Amino acid sequence: SDSHLGFTGAANPDVTDTFGHAIDRINNLGYTPDFVIHTGDLTHLSTPDQFDQVKQMMSGLKTPHVFTVPGEHDSVDDAGQKYRSAFGAGTRGDGWYSFDIAGVHVIALVNSLNLKKLGHLGVEQLEFVEKDVAGLTSDTPIIVISHIPLFAMYPDWGWGTDDAAQALSHLSRFASVTALNGHVHQIFSKVEGNVTFYSGTTTAYPLPHPGDGPAPKPVTLPPGRLRDALGIREVSYTRGEAALALKERTLQ
């Protein structure tokens, strides 16, 4: 998540290198993942060159499928039009979609547009979620991906989604629901009811922990410490289990 290609600053002088290292780690897992998800802020300023670069880099991933959702940095000046030109094939509305793969139903949501303070889904997308899962059996494993958390991680910094409860209400009958997000640049997890939430960390630069400081600004770490704060996260699902097993991986 949060590769922020195009970022320039002391917090990470070469975001292309650290994103490339994450891709290399995925390509050397020892097996081929069924798919790879990027949970947004692919770019830092949503320029055509930045989108071209991230698309070219991710084309090198050794997996049959790569899926993305946009972050607010992917829609800086055009409500996400350049993002959708690069990554929006087959999506609906502002870029949401769903698919079935490896026995799991995945719902990709866009909550980084129409921001007031918190993330926002909107009526059209809420209706999409309701209709999308209507025909699924309750034992279908569900994964929901979005850029901004679908839980109230730290609303004072905008780390939450104002209408997430309405979206998740349509998933209350399912035994296994896992929500994955980016945006916060740090690993965080919690369980609310039948939903397990995982925030993935970044390949670009760390942000402070919730409440540490007045705002979520890039954190510059001492020399040699940056990659300890970056990483990729591996989540494996075993059919028949009620929840996903989690194994952490950090960039080394």
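Up top is the structure.
A quick note: this is a predicted structure, and the numbers were derived from the prediction, not measured.

### Here's the deal with helix H4 (residues 123-133)
At 3.6 residues per turn, the α-helix brings residues three or four places apart onto the same side. Here H4 has its buried residues at Gln125, Leu126, Phe128, Val129, Asp132 and Val133. Considered in projection along H4, the buried side chains sweep an arc of 155° and stay on one side of the axis. Among the exposed residues of H4, those oriented more than 90 degrees off its buried face are Val123, Glu124 and Lys131. For H4, the secondary structure elements touched by its buried residues are strand S3 (97-101), strand S4 (104-108) and helix H5 (164-169).

### Digging into the nonpolar core
Membership of the largest hydrophobic core comes to 49 residues, with the highest contact counts inside it found for Phe87, Leu109, Ile142 and Leu171. Contributing elements (two or more residues each) for this core: helix H1 (15-27), helix H2 (48-58), helix H3 (81-87), H4, strand S5 (142-146), H5, strand S6 (177-181) and strand S8 (195-199). With near-sequence residues (within four places) excluded, Leu171 lies in contact with Ile107, Val129, Val133, Ile142, Val144, Val177 and Asn194.

### Digging into the packing of H1 against H2
At a minimum axis distance of 10 Å, the contact between H1 and H2 shows a crossing angle of 25°. With respect to each other, H1 and H2 are oriented roughly parallel. Helix-helix and strand crossings are classified by hand; for H1 and H2 the assignment is right-handed. Of the residues in H2, those in contact with Thr16, Phe19, Gly20 and Ile23 of H1 are Gln53, Val54, Met57 and Met58. Counted by class, the contact of H1 with H2 contains five nonpolar, three polar and no charged residues.

### Some remarks on the sheet that holds strand S7 (residues 188-192)
Strand order in the open sheet formed by six strands is S3-S4-S5-S6-S8-S7, with mixed pairing between adjacent strands. A single partner strand is all that each edge strand has here, and the edge strands are S3 and S7. Geometrically, the sheet is characterised by an average inter-axis angle of 20° between neighbouring strands, direction not taken into account. Strand direction decides the pairing type here: S4 and S5, joined by four bridges, are parallel. Its bridge partner being in S5, Val106 is matched across the sheet by Ile143. Packing against the sheet, H4 makes contact with S3 and S4, and its axis sits at approximately 170° to S4.

### Side note on the pairing of S4
Counting buried positions over the five residues of S4 gives five, a clear majority of the element. Burial along S4 is two-sided: the residues Val104, Val106 and Ala108 and His105 and Ile107 are all buried. As judged from the five bridges shared by S3 and S4, these two strands associate in the antiparallel manner. Bridge pairing in S4 links Tyr97 to Ala108.

### Let's talk about the environment of Val36
Within the element layout of this structure, Val36 appears in strand S1 (residues 36-38). Considered as a pair, Val36 and Phe67 are 31 residues apart in the sequence and their alpha carbons are 6.2 Å apart. Those residues within four positions of Val36 in sequence are excluded, and the remaining contacts are Ile26, Leu61, Thr63, His65, Val66 and Phe67.

### So, the packing of aromatic side chains
All told, the structure shown has 13 aromatic pairs when counted by the stated rule. Judged by centre distance (5.7 Å) and plane angle (25°), the ring pair of Tyr83 and Phe87 falls under stacked. In this pair, Tyr83 and Phe87 are both assigned in helix H3, four residues apart and thus about one turn of the helix distant. For the pair Tyr83 and Phe87, a shared accessibility class is recorded, and that class is buried. Residues Trp157 and Trp159 carry aromatic rings whose centres are separated by 5.1 Å and whose planes lie at 80° to one another, so their mutual orientation is edge-to-face. The pair Trp157 / Trp159 is uniform in exposure class, with both members buried. Grouped by ring-pair contacts, the aromatic residues Phe35, Phe67, Tyr97 and Phe99 constitute a single cluster. If you follow Lys55 out to its NZ or CZ, it ends over the ring of Phe87, 5.8 Å from the centre.

Here is what the cut-offs are and how they apply
Residues numbered from 1 in each chain as written. Predicted model: local features only at pLDDT ≥ 70, side-chain atom pairs only at ≥ 80, totals over all residues. Heavy atoms only, no water. Buried < 20%, exposed > 50% of the residue type's maximum accessible area, 1.4 Å probe, protein only. Helix = DSSP H or I, 4+ residues; strand = E, 2+ residues; numbered from the N terminus. Arc of directions from axis to C-beta. Contact = heavy atoms within 4.5 Å. Core = buried A, V, L, I, M, F, W, Y, C linked by side-chain atoms within 4.5 Å. Axes fitted to C-alpha atoms, helices over the stretch in contact; angles between N-to-C directions. Parallel < 35°, antiparallel > 145°, perpendicular 65-115°, else oblique. Left-handed = near helix turned anticlockwise from the far one by under 90°. Nonpolar A, V, L, I, M, F, W, Y, C, P; charged D, E, K, R; others polar. Pairing = 2+ DSSP bridges. Phe/Tyr/Trp six-rings, centres within 6.5 Å; stacked < 30°, edge-to-face > 60°. Lys NZ or Arg CZ within 6 Å of the ring centre and 35° of its normal.

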